Amino acid sequence: MPAHPRPSIRPGCPNFASGPCAKRPGWSPTALSDAPLGRSHRAKIGKDKLKRVIEETKALLELPDRYLAGIIAGSDTGAVETALWSLLGPRPVDVFAWESFGRDWVTDCVKQLKPLEARSFVADFGQLPDLSQADPDHDIVFTWNGTTSGVIVPDAGWIRDDRRGLTLCDATSSAFAVKMPWSKLDVVTFSWQKVLGGEGQHGMLVLSPRAVERLETHKPAWPLPKIFRLTRDGKLNRGIFEGETINTPSMLCVEDALDAMAWARSIGGAAGLAGRTRENYGTLAAWVERTPWIDFLAVDPASRSPTSVCLKIVDPAFAALSRDDQAAFCKRLTGLLEKEGVAYDIGSYRDAPAGLRIWCGATVEAADVRALTAWLDWAYAVCTTEKSAA
Ligand SMILES: Cc1ncc(COP(=O)(O)O)c(C=O)c1O
């Protein structure tokens, strides 16, 4: 009898990718049948839908009344770039990064946006940089949840209430999954394709009153492509925050976002989304705790992401392998699970250490995470047996 017999229960949905993430339970293309396709997004029917996305977003995120939310082109990346290009300049910027996407924002601040006085604080995968270095007189750019390292900011205590600079936060893999401390955040971006299980293509940009004030008093030193322009004649283009997108949106993606948010409402809104995320994470974390060959990539337990859970193999036999052999082993492991149809896209991100990354956001079912853990045990046993037999 093998130590890990082949499991008999399969996850109902094998989609554990960290973006695009699993669609909501029960989703099918019929959810999109009300999309006003072939109609202008500027017609009432289209504009009403776009406006509803904004209103539903504000309600689900429990945004303070005076905060604005707008739909931007280019998914989360588009929203981040719009914010960086439009807002940075008048103050030095402190940019913090601890995984792949945050490092892209460091590149923007340090290499692309000139002249900009920028300090960067970059930590290795699994760690957080020293956030206490943030100067409250500077603007601060950071990612709330590092999707490719599974490291999340534990709290916002390091952001001063009396700061003079703005905080610009890429929250794409934490918005809707964890409570965001809005009073500490001036600019927040995310997409529909993560916790909501929506489609890529559009990003959301949230602005505090202080961010709006910056937009209306600051003219960037660099040229601004049309797609990034949030102001007109020095005034905020408020239409963007009422459903008038800068360019043509996909009404199919918009319909899907509305469907995702209707589902979110039906499970209890913000609390429901956070609760499902916590349950999924708890299920996976319990397996990690009892499994000797695996551990979290996040070194500090307080910084373990509940959405993009990144795991490393800590078996000494694995640690003794070369980096290439470690990567090949993980590829075999994830390939076997994919072939079995029980887990797709759970390899670590391309520039992260070899390991696993398993999405535990709200659209995933806890029973599927539980079923997956038995398959992980089985696949690991198969791969290690193969290796020792070779
Ligand atoms: C933290 C973070 N920022 C930005 C992105 C880019 O998102 P998008 O492809 O939606 O632009 C991702 C995608 O995974 C991410 O995890």
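Bear in mind the structure is a predicted one, so any value in this text is a computation, not a measurement. (Residues numbered from 1 in each chain as written. Predicted model: local features only at pLDDT ≥ 70, side-chain atom pairs only at ≥ 80, totals over all residues. Heavy atoms only, no water.)

> Lay out the side chain of T334 with the relevant residues and their values.
Looking at the element boundaries, T334 is found in helix α8 (residues 323-339). On the basis of relative accessibility, which here comes to 14%, the residue T334 falls in the buried class. A polar side-chain atom of T334 sits 3.3 Å from the main-chain carbonyl oxygen of K331. (Helix = DSSP H or I, 4+ residues; strand = E, 2+ residues; numbered from the N terminus. Buried < 20%, exposed > 50% of the residue type's maximum accessible area, 1.4 Å probe, protein only. Polar contact = N/O pair within 3.5 Å; in protein donor to acceptor, adjacent residues only side chain to side chain.)

> Describe the nonpolar core, with residues and values.
Within the largest apolar cluster, 88 residues are counted, with the highest numbers of intra-cluster contacts made by F142, W144, F176, W182, L185, W192 and L311. Residue contacts for F176: discarding those within four places in its chain leaves T57, L60, L61, F190, V195, L196, L273 and A274. L68, L166, A211 and I246 belong to the second-largest nonpolar core, a separate cluster that totals 33 residues. (Core = buried A, V, L, I, M, F, W, Y, C linked by side-chain atoms within 4.5 Å. Contact = heavy atoms within 4.5 Å.)

> Just give me the short version of the sheet that holds strand β14 (residues 356-359), but keep the residues and values in it.
In spatial order, the strands read β12-β13-β14; together these three strands make up an open sheet with antiparallel pairing. Each end of this open sheet is capped by a strand with a single partner; those strands are β12 (294-296) and β14. Looking at each pair of strands side by side, their axes are set apart by 35° on average, direction ignored. Sheet topology places β12 next to strand β13 (residues 308-313); three bridges connect them, and they run antiparallel. Across the sheet, I294 pairs through a bridge with I313, a residue of β13. Against the sheet, helix α6 (residues 269-290) touches β12, β13 and β14, its axis set at about 130° to β12. (Pairing = 2+ DSSP bridges. Axes fitted to C-alpha atoms, helices over the stretch in contact; angles between N-to-C directions.)

> An account of the pairing of β14 is requested, with residue identities and associated values reported.
A two-sided burial pattern is seen for β14, the buried positions comprising L356 and I358 on one face and R357 and W359 on the other. Sheet analysis places β13 next to β14, joined by four bridges and oriented antiparallel. Considered in β14, the bridge of L311 is made with L356.

> So, unusual backbone geometry: which residues are in play, and what are the values?
P20 follows G19 through a cis peptide bond whose omega is -10°. Relative to the helices and strands, P20 is located in the segment before α1 (44-61). Of note, the amide linkage connecting K114 to P115 takes the cis form, showing an omega dihedral of 0°. The topology assignment puts P115 in the loop between α3 (100-112) and β3 (118-122). The phi torsion at Q201 lies on the positive side, around 115°, for a residue other than glycine. Considering the arrangement of structural elements, one finds Q201 in the loop between β8 (187-191) and β9 (202-207). According to the relative accessible area criterion, Q201 is partly exposed, its value standing at 49%.

> Outline the site of the ligand, listing residues and values.
Neighbouring the ligand are 14 residues, the closest being S75, T77, T147, D170 and K194. T147 is positioned such that a nitrogen or oxygen atom in its side chain is 2.4 Å from an oxygen atom of the ligand. In isolation the ligand has 400 Å² of accessible area, and contact with the protein removes 87% of it. Among the elements of the structure, α2 (75-87) and α3 are those that each provide at least two residues to the shell around the ligand. It is α2 that provides the largest number of residues to the shell around the ligand, a total of three residues. Across the shell around the ligand, the residue classes break down as two nonpolar, nine polar and three charged. (Near = heavy atom within 4 Å. Areas by Shrake-Rupley, 256 points an atom, 1.4 Å probe, with all protein chains shown as cover. Nonpolar A, V, L, I, M, F, W, Y, C, P; charged D, E, K, R; others polar.)

> Summarise helix α4 (residues 209-217); cite the residues concerned and give the values.
Regarding α4, the residues found buried are A211, V212, R214 and L215. For α4, the arc enclosing every buried residue in end-on projection is 155°, short of the 170-degree limit, so these residues lie on one face. (Arc of directions from axis to C-beta.)

> Describe the environment of V122, listing the residues and the values that go with them.
With respect to the helices and strands, V122 occurs in strand β3. Under the relative-accessibility criterion, V122 is labelled partly exposed at 45%. When the C-alpha atoms of V122 and D139 are compared, they prove to be 16 Å apart, with 17 residues separating the residues in sequence. If we ignore the near neighbours within four places in the chain, the residues touching V122 are A97, R103, V106 and P129.

> Can you tell me about the sheet that holds strand β4 (residues 139-143), naming the residues and giving the values?
A sheet is described by the order of its strands in space; here seven strands give the open sequence β1-β9-β8-β7-β4-β2-β3, paired in mixed fashion. The open sheet has two edge strands with one neighbour each: β1 (68-73) and β3. Taken over all neighbouring pairs, the strand axes of this sheet differ in orientation by 15° on average, direction set aside. For β8 and β9, the ladder comprises five bridges, and the chain directions are antiparallel. Opposite V187, over in β9, you have L207 as the bridge partner. Lying on the sheet, α4 is in contact with β1, β4, β8 and β9; it crosses β9 at an angle near 95°.

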